[in-house]
Amino acid sequence: MKGILVATSPEGIIGKNNTIPWYYPEDLKRFKKLTVGKTVIMGRNTWESLPIKPLPERRNIVITSSVIKNVECFKSIDEAVSTCKGDIWFIGGAGIYEEAMNLADCIDMTLVPDSVKGTDCIYFPKIGNQWKESETKPLENSQKLLHKIYTRRV
């Protein structure tokens, strides 16, 4: 399984000023539950924004043209994916998500209620008609968050 794991604002924003502009512990717990024991693939900016590096109990891969000391780096997603066994989660940013749309089996999306405005906002790429959208439901253990899954149409 190759999946895109993302949280977005009502405007489709995934980040601002190289941070996530909201904080929901229940979403972070779910992120951890889904990714522990798996491979996570991210871009350099996402790597740099992580409060804990590397994410524990996961294989962390960074897509970058640079070298980051003591970090598993690849110049392309295809090159990284070719080294993976088991499940893979693409965890950001926008460029990684856009490229992963061609590889992923699903998009697991958390919808946060926080409206985000201003400059330096990063948006989730447009979801094309190759994806089938599930019903939107409340996120487990959350009063405010919603959740939906997109699966690739056959």
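> Can you tell me about the overall build of the protein, naming the residues and giving the values?
Within the protein one finds four helices and 11 strands. The C-alpha radius of gyration computed for the protein amounts to 15 Å, which stays within 12% of the reference 15 Å derived for 154 residues, consistent with globular compactness. Overall, the protein is about 40 × 35 × 30 Å in size when its C-alpha atoms are taken along their principal axes. Sorting the 154 residues of the protein into buried and exposed places 43% on the buried side. Sequence separation of 24 or more characterises 62% of the internal contacts of the protein that already satisfy a separation of 6 or more. Summed over its atoms, the accessible surface of the protein is roughly 8,800 Å², and 52% of this surface lies on carbon and sulfur atoms. Each charge sign in the protein was given a centre, from 22 positive and 18 negative side chains, and these centres are 2 Å apart.

> Give a description of the nonpolar core that names residues and reports values.
I4, I41, I63, F90, I107 and F124 are the most contacted members of the largest nonpolar core, which has 24 residues in total. For this core, the secondary-structure elements that each account for two or more residues are β1 (2–8), β4 (59–63), α3 (77–81), β6 (88–90), α4 (94–100) and β7 (106–111). Setting aside residues up to four positions removed in sequence, I107 forms contacts with I4, V6, M101, F124, I127, W131, K148, I149 and Y150. Counting 12 residues, the second largest nonpolar core, distinct from the first, contains L5, W47, L55 and C106.

> Hey, could you go over the pattern of salt bridges for me, with residue numbers and the actual values?
Applying the stated criterion across every chain yields a total of six salt bridges. In this structure, the salt-bridge partner of R59 is E72, at a minimum N-O distance of 2.4 Å. Of this pair, R59 sits in strand β4 while E72 sits in strand β5 (residues 72–74), and the two are 13 residues apart along the sequence. Overall, the relative accessible area of 31% leaves E72 in the partly exposed class. Across the pair K148 and E133 runs a salt bridge, and its minimum N-O distance is 2.6 Å. Taken as a pair, K148 in strand β11 (residues 146–152) and E133 in strand β9 (residues 131–133) lie far apart in primary sequence, 15 residues in all. Residue classification places K148 among the buried residues on the basis of a relative accessible area of 11%. Residue E133 is classed as partly exposed on the basis of its relative accessible area, which comes to 44%.

Basis of the calculations
- Residues numbered from 1 in each chain as written.
- Predicted model: local features only at pLDDT ≥ 70, side-chain atom pairs only at ≥ 80, totals over all residues.
- Heavy atoms only, no water.
- Helix = DSSP H or I, 4+ residues; strand = E, 2+ residues; numbered from the N terminus.
- Rg over C-alpha atoms; globule rule 2.2 N^0.38 Å.
- Buried < 20%, exposed > 50% of the residue type's maximum accessible area, 1.4 Å probe, protein only.
- Contact = heavy atoms within 4.5 Å.
- Areas by Shrake-Rupley, 256 points an atom, 1.4 Å probe, with all protein chains shown as cover.
- Lys, Arg positive; Asp, Glu negative; His and termini not counted.
- Charge placed at Lys NZ, Arg CZ, Asp CG, Glu CD.
- Core = buried A, V, L, I, M, F, W, Y, C linked by side-chain atoms within 4.5 Å.
- Salt bridge = Lys/Arg side-chain N within 4 Å of Asp/Glu carboxyl O.

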